[in-house]
Every structure is written in structure tokens, then in C-alpha cells.
Amino acid sequence: MLKFFVKRFGYLLLTMLAVSLIIFVVNEYSPGQVTRKILGPFATQNEVDILTVKMGLDRPIIIRYIEWLGQILRGDLGKSTLWGAPVNSIIWDRLLNTSIIASLAFAVIVPASIIFGVAAGMREGSRLDRTISLASIVTTSVPEFASGVFLQSVFVIWLGLLPGTSPLDASGGWSIASQLVLPVAVMVLYDLGYVVRMVRASMVETMTRPFIRTAVLKGLSFRNVIMKHAIRNAMIGPFTVILLQINYLVTGVVVVEAVVGYPGFGRMMLDAALNKDIAVIEAGSMFAVFVTVSTQIIGDFGYMLLNPRIRFA
Amino acid sequence: MAAITMGKKQDGFLLRLLKRIALLRESPVGMIGAALVLFWILVAIFAPLLAPYDPNENYMDDYGNWGPSAAFWLGRDNQGRDILSRIIWGSRIVLTVGPIATFCAYVVGCTMGLLAGYYRGWVDVVVSRISDIILSFPVIILYLIIISQFGPSAFNIIVAVTFIASPQVSRIVRSLTLELRERDYVAAAKMRGESAVYIMLVEILPNARGPLIVDACLRMGYTTIAIGVLGFLGLGLPPPDPDWGGMVKDTYTMMSTDPHMSLFPCAAISSLVVGFNLLADGLREISLRD
């Protein structure tokens, strides 16, 4: 068990190191790149060169990378050119905002995907199965901005039940809670279908196992077969898939936040990318990769705990 | 037994392809998907004949309201351009950039996967590590970094899709190759003294086509979404070319007064992606049957 952790943790560190190098090189490879962005398109080449030397950006990339990495490790994420403030003062608020809608969406997706997935997978090919499968394909096929527009036209423009934007500011007359509905709904719509299909596939597979046949033959009701025998075994596989949705919910929310103007992590990354705010892009990407790799590790660990065959192997 | 199969006349490639497509009849869902995709392919091909107006011409003079009317079936956008014509011409962009990007991702991904699965050992380790690192980025963040660094253009979108999707393709091809390389016909080819390249491209890859065709179809859906999303975020093709995601971006702030401007492009892209995904589902269903 300990060996497993040490190995996975080492893997996490190595991946982060490789990723940081890629991010740094892509963003700061050519010496004039950073200073040109600070000074803007109208500065002369001479001015750019002077600032480049002044900031020490003309030195070899490896030295600059090690310096940058040292700063990151000491908790100094640099200064945002777009917001004119240290990245540290921006990024944490944004992450908090995103984690609100992410956890709400997660709280909907987990039970909903289990209910729909089990309902569809317990009788493969039934009408219920085909309806749920078709619905999950269709909802995942609609891009987030499109489902945002569809939901807005129904609930905002037609029925007038929800606010069209979610600036997390109650001065517009809409409560904060009502502003969270639309982004959460868009995330759930886009992500739910995929998880449902994973749960369904695992459930279908479980229903063909000998122990289910035994349970049926010994006279258990269908309800008890499903609740006591099938679900618990069918949930081992999709556990990792469900956990990996955290990645999408925390770091993949760029489009959702753009649709409703939500001041979260995704919106910050988009603004930074559009304005070439290098420090924010670098810090945000590092955080996103950290989330991805750590959920993978947690997923592996949880899978090991759930599956006795791996635990005792 | 061998003599009988040898004596049986093999159908030509085209006939076999048609027979496969005919199999889709058995999956109503797949048929709907195929119909949607075919519809948009035809629209893209015949765009010059179908589009009633120039997609970039501004019709600002008064033709009545901006919404759908007899003159402008789907209405006009914020710059007075005919939305129907823009959607029709926009299908050309999605259906050229998307397939090219998916094809490039497949070329790179298949090469990586074949090499890793066939040679195993250190080649596999290198390829798998590179894939792992790329896959540890959230997809949308990776798109943001690449497109914002290298600028929005059709070429850069293709590069970004190739970069992001090829590790995923590589994983599938690798696992298929690991399984197929143990087959007798591969051993026979080795005995005949065929080169490794021949074995990978002629013996292994064609036999892996089933799952790959389904995956390619799904991937076309993802790529279509990606192109739309980039357009919507303002990282798509430079204006004024009609790009479905870009059309939504230009008009969705005016949703409260003119929802038609955003609704129709959204419906267009959604129907195409639904088509690809239903088609993939139908194809998978058929492949499971035989």
C-alpha cells in the first residue's frame, strides 16, 4: 500500500514537472515574447529589447525556467498584466466561485447518473433502456454554449424564471441562488449523459454474471437482486469515471462561465488567454493539471479499496 | 475448408462498403444519425446553390422585422446578414476543418499506437509517457493555451485538435495492436520476411478498423464541438467567415431581444453533433452483432 502511494506520488511530481516545462516553454520561449506583451503592439523593437535585458529575459531558457519554478514553489505566482494585481489575489477567489457550481453539479450528477444508469442497465434493450440511452447521447451531443442558449431562451426569455447572467451580485434583483441554476443545469446536461452511459454499461455487464443468476434462481425478488446484489458490484467500475468528472467540473467550465458571465476559474482562464496574460495562464494551467493528476490518483486508490481482488493481490 | 473460402468470390471493395452501410438499416438510431450527417454533407456540397444570399453581405435596409420572415427565412443577424445563408456556408467550414483535423489526429495517433503496441519495450514507454502528459491537461485549457499562443486560424485549430486527440487515438490503437500482434497471420507475415512497416500497415491496422471507425465517428462529434466552442470563445476563425460558434458569440448578448440570431446556429451545430454520435452508436451496435 505504501509502495503504491510513493510510486503514484512520484508520478504526480514527474508529470507536474514535465507539464510546467511545456507550459513555460510554450509561453516564454522567445525572449521578446513576454516584454512585447507587456509593452503592447505599439512599442518599438528597441524598447522591447531594453526591457527584455532589464528583466533578464535574454538569458538561456533553462535558467529562466528554474528561476520561475523556484518562484512558483515559494508560492509566488507572478503578476497579472490584465488585472494589474498579483495572481495570488485573483486565482483563489475565482477557484472558490467555480467550486460552488462544480460541487452543486457534482451533487446532482452522482445520484442522477446512478439512478438513470441502473434503471437503463438492469434490463438491457428494454424500452426504458433505449429511451435513457438515446436521451443521454442527445444531451451530451449538444455543446455547452448551445444548451446554454436553449435553456436561456426557455427559462429566461420565455418564462422569465431565471436571470440570464450570473455575476454573483444580487444588485440586479435576482438572488445569488437563482443565478447558480443556469450554469449548474448546463454542466449537468453536458456531463450527465456520459456518466449515465458508463454506469449503464457496467450494470449491463454485471447483470450477465453468474451470481446474479444465482440470486434470481434462489427466489429473490427482482428489486432485491438489483438493490442488494447488482448495484454494489456495478458501481466499482464507474467509480473512477465519476471521480474524473471533477476535472471537467473544476477546470473545464470555461464555456459555461462564458455563457452566463460567471466570475470563476474558467472565465479567468479565457480572459487571460484572450489577453495573453502569461502569469495567469501559467498558474491556472498548473493548477488544472494538478487537479487532473490528483483525481486520477484518488481514483486509483478508491478503486483499489472497492475491489478486493486488487486490494489483496 | 481453406479451398472453399479461397474459391468463394470476394465482393469488390465498393460493394462490401455498401453492404456495410445497408446493415445500418437494422439500427433505427444509426439511420437517424446517418441521415443528419448526410443532410449536412449535402448542404455543404451544394452551399452555393442553396444559399439564398451572400453570407457576408449586410442587408440593413428595412425588410420588416429582423426575425424570420418571407425574405429571410431564419431572419438576419446583428449586422443584417442572412442567417440561413451563413448557416449553409458555415457547414462547409465545419465539415472541412473537422474531418481534416480528425484525419490528422488519426495519422499521428495510429503511428504512435502502432509503434508502441508493436515494438513494446522502451518505444512503448516513451509513447505512453508523452500521451499521459498531454492527457493530463484538461482539453479546453489546452485549446486555450495553444490557440491563444499561436493565434486563431483554421490551420492552428487543426494542429490543436491533432495534438489533443492523437494521444487518445494512440491509446486505442496501442491496445488493439497489442492484441492483434499475437495473431497467426502476423506470425505468418513475419515468417514470409515482411517488413515491420508492412505488418503494421497491411496486417494489423486493417484488422483494427472496426473499433476505430466507431471512435472516428465519435471523434468527429468532439471535433465539431471543439470548433464550435473555439468560435464561441472568440478563438475560432477570423471574421467575417460564417462559423457557427462565432455566429453565436456575436449575437448571444442580444438574446433577450433577438433570440433567433443565436438559436438557429446552435440548432445547426447540435444537430450535426447529434448525427455523428447517433451514427457512432448505430455502428457500434452493428459491430457487436456480428
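What you see is a predicted model; the values in this text were computed from it and never measured.

A. The arrangement of the overall build of chain A in detail. Helix and strand counts for chain A come out as 15 helices and zero strands. Burial analysis of chain A (313 residues in total) assigns 37% to the buried set. The long-range fraction of contacts in chain A, counting pairs at least 24 apart against all pairs at least 6 apart in sequence, stands at 70%.

B. Broad picture of the overall build of chain B. Along the backbone of chain B there are 13 helices and zero strands. If you list the helices and strands of chain B from N to C, you get α-α-α-α-α-α-α-α-α-α-α-α-α. Along the first, second and third principal axes, the C-alpha set of chain B runs to 75 × 45 × 25 Å. Within chain B, the fraction of its 290 residues that count as buried is 48%.

C. Representation of the interface of chain B and chain A in the model. Every contact between the two is made by 35 residues of chain B and, on the other side, 36 residues of chain A. Looking at the side of chain B that touches chain A, the elements with two or more residues in it are α6 (121–135), α7 (139–150), α11 (209–232) and α13 (260–289) of chain B. Among the elements that line the side of chain B that touches chain A, the one with the most residues is α13 of chain B, at 10 residues. Looking at the side of chain B that touches chain A, its residues break down into 23 nonpolar, 10 polar and two charged.

D. Quick look at the packing of helix α9 (residues 210–217) of chain A against helix α10 (residues 222–234) of chain A. Residues and elements named next belong to chain A. Look at α9 against α10: their axes get within 10 Å of each other, and the N-to-C directions meet at 150°. Between α9 and α10, the angle falls in the class roughly antiparallel. By crossing handedness, the relation of α9 to α10 is classed as right-handed. Contacts between α9 and α10 involve Phe211, Ile212, Ala215 and Val216 from the former and Val225, His229 and Ala230 from the latter. Among the residues making up the contact of α9 with α10, the classes are represented as six nonpolar, one polar and no charged.

E. The arrangement of helix α10 (residues 196–204) of chain B in detail. Residues and elements named next belong to chain B. Where α10 is concerned, the buried positions are Ile199, Met200 and Ile204. Seen along its axis, α10 keeps its buried residues to an arc of 95°; they face one direction. With respect to the buried face of α10, the exposed residues turned more than 90 degrees away are Val197 and Tyr198. Packing partners of the buried residues in α10 comprise α5 (83–119), α8 (154–180) and α9 (184–192).

F. Spotlight on the nonpolar core. With 153 residues, the main nonpolar core has Met187 of chain A together with Tyr143 and Leu144 of chain B as its most contacted residues. The greatest single-element share of this core, amounting to 18 residues, is contributed by α5 of chain B. What Tyr143 of chain B contacts, discounting residues up to four positions off in sequence, is Ala160, Ala226 and Leu230 of chain B.

G. Representation of the packing of helix α5 (residues 87–121) of chain A against helix α11 (residues 236–251) of chain A. Residue and element names in this part refer to chain A. α11 packs onto α5 with a crossing angle of 150° between their chain directions and a minimal axis gap of 9 Å. It follows from the interaxial angle that α5 and α11 lie roughly antiparallel. Regarding α5 and α11, the two cross each other, and that crossing is right-handed. Between α5, through Thr98, Ser99, Ala102, Ala105, Phe106, Ile109, Val110 and Ser113, and α11, the contact on the second element is made entirely by Ile242, Gln245, Ile246, Leu249 and Val250. Per-class residue counts for the contact of α5 with α11 are nine nonpolar, four polar and no charged.

H. Summary view of α8 of chain B. Relative to the 39 Å expected for 27 residues at 1.5 Å per residue, α8 of chain B spans 36 Å between its end C-alpha atoms, a close match to the ideal helical length. At Ala165 of chain B, α8 of chain B shows its maximal bend, which comes to roughly 35°, and the proline Pro167 of chain B appears one to four places after that position.

I. Focus on the environment of Leu180 of chain B. Residue and element names in this part refer to chain B. Structurally, Leu180 can be placed in helix α8. Here the alpha-carbon distance between Leu180 and Met200, two residues 20 residues apart in the chain, equals 9.9 Å. Excluding residues within four positions of it along the chain, Leu180 makes contact with Val186, Ile204, Asn207 and Ala208.

J. Local environment of the environment of Thr214 of chain A. Along the polypeptide, Thr214 of chain A turns up in helix α9. A sequence separation of 11 residues divides Thr214 of chain A from Val225 of chain A, and the C-alpha atoms of the two residues are 9.7 Å apart.

K. Structural view of unusual backbone geometry. Residues and elements named next belong to chain B. In this structure, Arg120 takes a positive phi of about 50° despite not being glycine. By the element assignment, Arg120 lies in the loop between α5 and α6. For Arg120, a count of 14 C-beta atoms within 10 Å translates into the label partly exposed.

L. Layout of the confidence of the model for chain B. Residues and elements named next belong to chain B. Overall, the predicted model of chain B reaches an average pLDDT of 87, with 94% of residues at or above 70. Ranking the helices and strands of chain B by mean pLDDT puts α5 first, with 94, and helix α1 (residues 2–7) last, with 44. The model gives residues 1–8 a pLDDT under 50, and that stretch makes zero contacts with residues more than four places away or in other chains.

M. Structural view of the environment of Ile61 of chain A. All names here are of chain A. Residue placement: Ile61 occurs in helix α4 (residues 61–73). Judged by the 16 C-beta atoms lying within 10 Å of it, Ile61 is partly exposed. For the pair Ile61 and Gln71, spaced 10 residues apart in the sequence, the C-alpha separation amounts to 15 Å.

What counts and what doesn't
Residues numbered from 1 in each chain as written. Chains lettered and ligands numbered in written order. Predicted model: local features only at pLDDT ≥ 70, side-chain atom pairs only at ≥ 80, totals over all residues. Helix = DSSP H or I, 4+ residues; strand = E, 2+ residues; numbered from the N terminus. Buried ≥ 20, exposed ≤ 12 C-beta atoms within 10 Å, placed from the backbone. Contact = placed C-beta atoms within 7 Å. Nonpolar A, V, L, I, M, F, W, Y, C, P; charged D, E, K, R; others polar. Axes fitted to C-alpha atoms, helices over the stretch in contact; angles between N-to-C directions. Parallel < 35°, antiparallel > 145°, perpendicular 65-115°, else oblique. Left-handed = near helix turned anticlockwise from the far one by under 90°. Arc of directions from axis to C-beta. Core = buried A, V, L, I, M, F, W, Y, C linked by C-beta atoms within 7 Å. Expected span 1.5 Å × (residues − 1). Bend = angle between axes of the 7 residues up to and from the residue. pLDDT = per-residue confidence, 0-100.

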